[in-house]
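Examination of the molecular architecture
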Amino acid sequence: MKALNISMSILLTVCLLLFVVSASISLPIYIRGFYYAQIEPLELEQSSGHTRQEIVDAYNELLDYLTLNRPFGTGVFRYTAEGQAHFEDCKVLFDLNLAILIVSGVVSITLLVLAKLKKITLITVEGHKPYFYVGIVGLIGLVATAILAAVDFKTLFQLFHAVFFAGKDNWLFNSYDNEIITVLPMQFFANCAILIGCFATLCFTSCIVVDLVLHKKQKKVSQDTRFCNKQ
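Now for a look at the structure at hand.

So, how was this worked out
Residues numbered from 1 in each chain as written. Predicted model: local features only at pLDDT ≥ 70, side-chain atom pairs only at ≥ 80, totals over all residues. Heavy atoms only, no water. Core = buried A, V, L, I, M, F, W, Y, C linked by side-chain atoms within 4.5 Å. Buried < 20%, exposed > 50% of the residue type's maximum accessible area, 1.4 Å probe, protein only. Helix = DSSP H or I, 4+ residues; strand = E, 2+ residues; numbered from the N terminus. Contact = heavy atoms within 4.5 Å.

**Quick look at the nonpolar core**
Within the largest apolar cluster, 24 residues are counted, with the highest numbers of intra-cluster contacts made by Y35, I55, L62, F87, I180, V183 and L184. Of all elements in the fold, only helix 4 (52–68), helix 5 (81–116) and helix 7 (186–230) reach the threshold of two or more residues within this core. For this core, the element with the most residues is helix 4, which contributes 8 residues. Aside from chain neighbours lying at most four places away, what touches F87 is L62, Y65, L66, F72, F173 and I180. Core analysis: the next-biggest nonpolar cluster, separate from the first, contains 13 residues, M8, L16, C203 and C207 among them.

Set out below in structure tokens:
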């Protein structure tokens, strides 16, 4: 039984970590208003030569393809076969992120319910449950990434593409042949990273706070129990 509890605790730690990361990544993908709100501040109409409505329509058509399996298109913006191939690669990552979000969420909820029903017992290390360490590991990862982004976001952006699109260079768009890049500037992706980082920070911090509150409550119950036993 102990081996099972250890295995389930490790599984919960991994799944919670994956859930927070995938949920954070999903925010700028599925909340399209986040993009719409940046059209004016980033002066996308001026840089592209297209109207706000044309930009919104092109973005929606692209996101419909990436998230809803609709036919590929970029509205009135020109694109090449190489450009389309890159977005096909992106769609694989979008689908993978969604699959991780769903699976990790279902597994995490199931394990937490089982723990609540006392079907399994989550192990503690130094008095802390798995979600405490999810928060610690997550925040360390975020700080490291934030430092790299602050020093040189462009290099981090290129490193991301080199890792996830290994051996390919079709993501290096020519703005004349693949016009959509004129309304997807580097600053937009930087803002996406900020949103992802802020939400993930909130989630990981919440994991730590919840554990500390429960740890304090459990400690008080133990002290009260010992006091009653002495009497």
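Anyway, onward from the coordinates.
**Let's talk about unusual backbone geometry**
The phi dihedral of E43 falls on the positive side, at around 55°, and the residue is not glycine. Looking at where E43 falls in the secondary structure, it is placed in the loop between helix 2 (33–36) and helix 3 (44–48). Since its relative accessible area comes to 48%, E43 is described here as partly exposed. Positive phi is not limited to glycine here, since N69 has a value of about 60°. Within the secondary structure layout, N69 lies in the loop between helix 4 and helix 5.

**Considering the environment of F72**
Mapped onto the elements, F72 comes out in the loop between helix 4 and helix 5. As for F72 and E61, which are separated by 11 residues in sequence, their C-alpha atoms are 7.3 Å apart. Every residue in contact with F72, bar those within four places of it in the chain, is listed here: E61, L62, Y65, Y79, Q84 and F87.

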